[in-house]
Amino acid sequence: MGGKIQGLNQLPFDPANNNEPLQFGSASGPLVTEGLIENGGESSKKRKRTNTPSADNSRTLNVDSTAMTLPMSDPTAWATAMNNLGMAPLGIAGQPILPDFDPALGMMTGIPPITPMMPGLGIVPPPIPPDMPVVKEIIHCKSCTLFPPNPNLPPPATRERPPGCKTVFVGGLPENGTEQIIVEVFEQCGEIIAIRKSKKNFCHIRFAEEYMVDKALYLSGYRIRLGSSTDKKDTGRLHVDFAQARDDLYEWECKQRMLAREERHRRRMEEERLRPPSPPPVVHYSDHECSIVAEKLKDDSKFSEAVQTLLTWIERGEVNRRSANNFYSMIQSANSHVRRLVNEKAAHEKDMEEAKEKFKQALSGILIQFEQIVAVYHSASKQKAWDHFTKAQRKNISVWCKQAEEIRNIHNDELMGIRREEEMEMSDDEIEETTETKETEESALVSQAEALKEENDSLRWQLDAYRNEVELLKQEQGKTHREDDPNKEQQLKLLQQALQGMQQHLLKVQEEYKRKEAELEKIKDDKLQVEKMLENLKEKESCASRLCASSQESDYPLEKSMNSSPVKSEREALLVGIISTFLHVHPFGASIEYICSYLHRLDNKICTSDVECLMSRLQHTFKQEMTGVGASLEKRWKFCGFEGLKLT
């Protein structure tokens, strides 16, 4: 314990080796010995120590007072107390117990801070333990003496601290107490700005700094006695508490506003520092600048900057008769980059396809290894190997197997999604081939699902048999009451283990069966979608063939219409009515595009080929004629229902 306590100088003596009476005094004043005041009536300064808990569970509080003595019968009591409080009994002769603090810190002479975050304290001590008792001792002043409260009593209650509080309320003052005595007691806590004393036994004291209020609160609960008088008017019990003061609140609000202004200024400066620089302004158009931009347009690396300048010039209205040729040449240069950009896109797409193929191959390899790992777990879960593992090992194997299966399923779904995307991009022939493969996959999955169902049923029956056997063994054991039979106990344990293994295996088989069923449902949905696509294709092919047949065999429309019904649904009948109404007001006919543009206003899902196929089937309602000469030759449809009614 050979070092200094931070914030304090060393003690002026070594209490463990000092047999002299304990002396109090300053470096300038004479020392006071036990029971004697030296130099007659001369006043000297004396330090009074007050212990409060700190990082080492104690601190020392010194207050200037008149020359008084503290008798000390046991010369080693001071060292024992210091050791009990965890403080090092160190000292250098001639040094005071506590030095005067630097006045610039604004702290009371000899009184350490109460709160660790107080200004003027170079270190932040660790928090005080809540169960550590606070040891307060007698404080001697010139005109009065302060006696500490009972340490067993709870600490005095205080109100909630107002923001920026620098004013304290002091109650319980002696009736004969003067303002000079109040200053003498409380000026040790810090610089006093104002004292407002009431005619009754209380006053308000305003300090210069906020932390001084905490020092004043330390004196709450002390009993004060003026001199050595025992008169009731010369005694009192101090009660110190926070006080509401408009001046404190105003100063605190001003300080908060100043801090807010500083924060806003700092934030604004930070935003300005982080704001990206503005782009340079676009230069005005001139022949010289036009030639520079034209050269930049030919350079791939400067194309983006140059085309932005060109766009700005055109939007400003710089194009006129004189500069039109220059702008046309620049637009032509910009157009020359289209091929380059298309080639770059194709190259990037090729790279993306290669990367996708590489990823798919890697994913397939990973999936194969996952399947192998899962197969290892499944083989280890079979009874032949499972019975030889401990309970902890079985638990770990089960957890590992479940995790591996989940990851395997995620990878499998991802790979299936990639393959499904590729299948969506296939041609019609490839779609037909995939339907056959999907049918084989579906049949294989159906067979697997049926096999799993049979295995599931057999495992359930075995499980029921094991349960019945265990119940019989338990009943036999209950009848005979022979718990010491080792063979039956061993057999019971083996059956229970086998039962657990069968249950786990049954759960796995059920999960696999559900997964296979889900895959089967998914494949069925895919098959339905493919069948719908095939039906749509077949309908389109039939429409196209009918169009060709109608154009080739227009000489025999009556026979065609007699063989098959031309209108197949109510929707087609509605379309016939709408088209007839439309063509009735167009006596010279209309092209199929014109008719479909009108129909699209009613329903944008109407297909042009379907409409043309429907009109070609109704030979007696609509007819197609060629109008125009040469390049303006056009096919037009006309409504001929009035004439066709006589033929039908």
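Scoring rules and cut-offs
Residues numbered from 1 in each chain as written. Predicted model: local features only at pLDDT ≥ 70, side-chain atom pairs only at ≥ 80, totals over all residues. Heavy atoms only, no water. UniProt positions renumbered as here; feature names shortened; annotations may be inferred. Phe/Tyr/Trp six-rings, centres within 6.5 Å; stacked < 30°, edge-to-face > 60°. Helix = DSSP H or I, 4+ residues; strand = E, 2+ residues; numbered from the N terminus. Buried < 20%, exposed > 50% of the residue type's maximum accessible area, 1.4 Å probe, protein only. Lys NZ or Arg CZ within 6 Å of the ring centre and 35° of its normal. Salt bridge = Lys/Arg side-chain N within 4 Å of Asp/Glu carboxyl O. Pairing = 2+ DSSP bridges. Axes fitted to C-alpha atoms, helices over the stretch in contact; angles between N-to-C directions. Contact = heavy atoms within 4.5 Å. Core = buried A, V, L, I, M, F, W, Y, C linked by side-chain atoms within 4.5 Å. Patch = residues over 30% accessible without salt bridge, like charges linked within 9 Å, V, L, I, M, F, W, Y side chains within 5 Å. Areas by Shrake-Rupley, 256 points an atom, 1.4 Å probe, with all protein chains shown as cover. Lys, Arg positive; Asp, Glu negative; His and termini not counted. Charge placed at Lys NZ, Arg CZ, Asp CG, Glu CD. Parallel < 35°, antiparallel > 145°, perpendicular 65-115°, else oblique. Left-handed = near helix turned anticlockwise from the far one by under 90°. Nonpolar A, V, L, I, M, F, W, Y, C, P; charged D, E, K, R; others polar.

Named according to an unreviewed UniProt entry, the chain is Ecto-NOX disulfide-thiol exchanger 2 originating from Marmota monax. If you open the UniProt record of the chain and go to Cofactor (unreviewed entry), you find "Cu cation".

> Is there a simple way to explain the packing of aromatic side chains in this structure?
What describes a pair of aromatic rings is the distance from one ring centre to the other and the angle between the planes of the rings. This structure, assessed with the given rule, holds 9 aromatic pairs. Ring geometry for Phe-169 versus Phe-202: centroids 5.6 Å apart, planes at 40°, classification tilted. Here Phe-169 is found in strand β5 (residues 167-171), whereas its partner Phe-202 is found in strand β7 (residues 202-207), with 33 residues between them in sequence. On the basis of an interplanar angle of 20° and a centroid distance of 4.8 Å, the ring pair of Phe-582 and Tyr-598 is categorised as stacked. Taken together, the residues span a long stretch of sequence, with Phe-582 in helix α14 (residues 570-584) and Tyr-598 in helix α15 (residues 592-602) at a distance of 16 residues. When its relative accessible area of 33% is taken as the criterion, Tyr-598 is described as partly exposed. Within the aromatic cluster, the residues linked to one another by ring pairs are Tyr-285, Trp-313 and Phe-327. One residue, Lys-508, lies across the ring of Trp-386, its end atom 5.9 Å from the ring centre.

> How do you make sense of the UniProt feature "coiled-coil region" (unreviewed entry) in the chain when you look at a structure like this?
In the numbering used here, UniProt assigns the "coiled-coil region" (unreviewed entry) feature to residues 331-365 and 449-540. Between the end C-alpha atoms of residues 331-365 there is a gap of 52 Å, over a span that is 97% helix and 0% strand.

> Explain the pattern of salt bridges here, please?
For side chains of opposite charge, pairing can occur when their charged atoms come near one another. The tally for this structure, following the rule as stated, stands at 22 salt bridges. Its salt-bridge partner being Arg-161, residue Asp-214 comes within 2.9 Å of it at the nearest N-O pair. Of the two residues, Asp-214 sits in helix α3 (residues 211-217) while Arg-161 sits in the loop between β4 (144-147) and β5, which places them 53 residues apart along the sequence. In this structure, the salt-bridge partner of Asp-287 is Arg-322, at a minimum N-O distance of 3.8 Å.

> Looking at this structure, I do not really get the sheet that holds β7. What am I missing?
In a beta sheet, neighbouring strands are held together by backbone hydrogen bonds and run either parallel or antiparallel to one another. Pairing is antiparallel across the open sheet formed by 4 strands, whose spatial order is β6-β7-β5-β10. Strands with a single pairing partner mark the edges of an open sheet, and in this sheet they are β6 (192-197) and β10 (239-242). Pairs of neighbouring strands in the sheet enclose a mean axial angle of 20°, with direction left out of account. As defined by bridge partners, β6 adjoins β7 across 5 bridges and the pair is classed as antiparallel. Bridging across to β7, Ile-192 finds its partner in Phe-207. Contacting β5, β6, β7 and β10, helix α2 (residues 179-186) crosses the sheet at an angle of about 140° to β6.

> Would you mind showing me how to read the nonpolar core here?
Here is a general trend for soluble globular proteins: nonpolar side chains tend to be buried in one another's company. Of all hydrophobic cores here, the largest spans 31 residues; its most connected members are Val-170, Val-185, Phe-186, Ile-205, Phe-207 and Leu-219. For this core, the element with the most residues is α3, which contributes 5 residues. Once you skip the residues sitting within four places of it in the chain, Val-170 turns out to touch Phe-186, Asn-201, Phe-202, Cys-203, Ile-205, Leu-238, His-239 and Val-240. Among the nonpolar cores identified, the runner-up in size contains 17 residues, and Ala-590, Leu-614, Met-615 and Trp-637 belong to it.

> How should I be thinking about the sheet that holds strand β9 (residues 235-237) in this particular structure?
An order of β3-β4-β8-β9 is seen for the 4 strands of this open sheet, with the pairing classed as antiparallel. Of all the strands in the sheet, the pair left with one neighbour each is β3 (139-140) and β9. In this sheet, β4 lies alongside β3 in antiparallel orientation, the contact comprising 2 bridges. Bridging from a neighbouring strand, Ile-139 pairs with Leu-146 of β4.

> Where do I start with a negative patch on the surface in this structure?
Together, Glu-531, Glu-535, Glu-539 and Asp-610 make up a negatively charged patch on the protein surface. Among the elements that take part in the negative patch, helix α12 (residues 486-552) stands out by supplying 3 residues, more than any other. The topology assignment puts Glu-539 in helix α12. In this structure Glu-539 comes out as partly exposed when scored by relative accessible area, which is 49%.

> Could you clarify how one ought to interpret the packing of helix α6 (residues 303-316) against helix α7 (residues 324-335) in this entry?
If you want to describe how two helices pack, look at the angle between their axes and the distance between the axes. Close contact between α6 and α7 brings their axes to 11 Å; oriented N to C, the two are set at 140°. Compared by their axis directions, α6 and α7 come out oblique. Crossing of α6 against α7: the hand is left-handed. Contacts between α6 and α7 pair Phe-303, Leu-310, Trp-313 and Ile-314 from the former with Phe-327, Met-330, Ile-331 and Ala-334 from the latter. Here the residues of the contact of α6 with α7 are counted per class, giving 8 nonpolar, no polar and no charged.

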